[in-house]
Amino acid sequence: MTLYTQQDSNIAKTWILMALFLGVIVGVGYFFSYYYRNPSILYFAFFFSLIMNIGSYWFSDKITLAVSRAKPISKTEAPDLYNIVENLSITAGLPMPKIYIINDSAPNAFATGRNKDHAAMAVTSGLLEMMNKTELEGVIAHELSHIGNRDILISTVVVVLVGLVTLLSDFFLRISFFGGGRSRDREGGGGVLVIVGIALAILTPIIATLIQLAISRRRESLADASGALLTRYPEGLASALEKIAGYKIPMKHANNATAHLYISNPFGPDNRRISAIARLFLTHPPIEERITALRGSERG
């Protein structure tokens, strides 16, 4: 099975993970409301998550660009970049996204936005300086694939839900440790519920984070495949990833909240020798594996 044949499977797994994630939120909210005998907790959690999702849908791109210190760049300032984005957008059948630049010597890029008609792409100054034309085309095609696959919105929603579950779990832990919500008529099962609740509150953020990272890794593999298919030259993206991996200095303003959006981990290249446990907490697949998959698909 080549990388391309996994695209549909990866999309399906992403939606399944999101469904499971939503199930976790409903379960946590239900437990809170049951333990404290207060249905309003479940209602509050539901409506708060709904408001957060709506806000993230409309404003996630602006927030991401601001946090990343990305500035809009005109066609006169970067004509070659504009031409590449425009040509590949036409090939992909996508509207041309807004283009931004991040003043950073580390080679990197990301795409954001709620849909193909409201999308933006940001590249670092280091990427423009380091890449030749075919390599830059590979990176741009990768980012356009994120827009075409609509996984930027999926990733944003998951980030919001991870934050919500973490806040709810922290709230429950604080109340449990300080003795809040004890019911006199629960002498028999109250202790068990407290233990289960604390375990749930501790494990839920960990599970949520693992789901977030798993989705991030799947979306990167899918964008690699789609980007290589768009340019018809997988070696361009493979060579670009090699150069990115060779740059050892992290981005000046790397941020945990947006790290998964970049084509490569903004905190530095992945370790070549990484344990199975550590691999669970990577926001990106190891670059070496991505390069091998791209070159393997080219030979296939």
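Structural data are supplied above this passage.
Here is what the cut-offs are and how they apply
Residues numbered from 1 in each chain as written. Predicted model: local features only at pLDDT ≥ 70, side-chain atom pairs only at ≥ 80, totals over all residues. Heavy atoms only, no water. Patch = residues over 30% accessible without salt bridge, like charges linked within 9 Å, V, L, I, M, F, W, Y side chains within 5 Å. Areas by Shrake-Rupley, 256 points an atom, 1.4 Å probe, with all protein chains shown as cover. Salt bridge = Lys/Arg side-chain N within 4 Å of Asp/Glu carboxyl O. Helix = DSSP H or I, 4+ residues; strand = E, 2+ residues; numbered from the N terminus. Buried < 20%, exposed > 50% of the residue type's maximum accessible area, 1.4 Å probe, protein only. Core = buried A, V, L, I, M, F, W, Y, C linked by side-chain atoms within 4.5 Å. Contact = heavy atoms within 4.5 Å.

> Any chance you could break down a nonpolar patch on the surface for me, citing the residues and the numbers?
Where nonpolar side chains cluster on the molecular surface, the patch consists of Ile 54, Trp 58, Phe 59, Ile 63 and Val 67 and spans about 490 Å² of accessible area. Looking at the element boundaries, Ile 54 is found in helix H2 (residues 39–67). Judged by relative accessible area, which is 47%, Ile 54 ranks as partly exposed.

> Give a description of the pattern of salt bridges that names residues and reports values.
Evaluated as defined, the whole model comprises 7 salt bridges. Lys 75 is paired through a salt bridge with Glu 86; the nearest N and O atoms lie 4.0 Å apart. Within this pair, whereas Lys 75 is found in the loop between strand E1 (70–72) and helix H3 (79–92), its partner Glu 86 is found in helix H3, the two being separated by 11 residues in sequence. You can call Glu 86 partly exposed: its relative accessible area is 31%. A salt bridge links Glu 220 to Arg 219; the nearest nitrogen and oxygen atoms lie 3.1 Å apart. Take Glu 220 and Arg 219: they sit in the same class, and that class is buried. Each of Arg 219, Glu 220, Asp 224 and Arg 290 takes part in salt bridges that share partners, so that together they form one network.

> I'd like a description of the nonpolar core, backed by residues and values.
Membership of the largest hydrophobic core comes to 34 residues, with the highest contact counts inside it found for Leu 81, Leu 127, Ile 140, Leu 144 and Leu 241. Within the residue set of this core, elements represented by two or more residues are H3, strand E3 (109–115), strand E4 (118–124), helix H5 (133–149), helix H7 (190–231), helix H8 (234–246) and helix H10 (287–299). Not counting the four nearest positions on each side in its chain, Ile 140 is found in contact with Leu 81, Ile 84, Val 85, Leu 88, Met 121 and Val 123. Core analysis: the second largest hydrophobic core is formed by 13 residues, Tyr 100, Ala 122, Ile 152 and Tyr 247 among them.

Worth remembering: the numbers are spatial, not functional.
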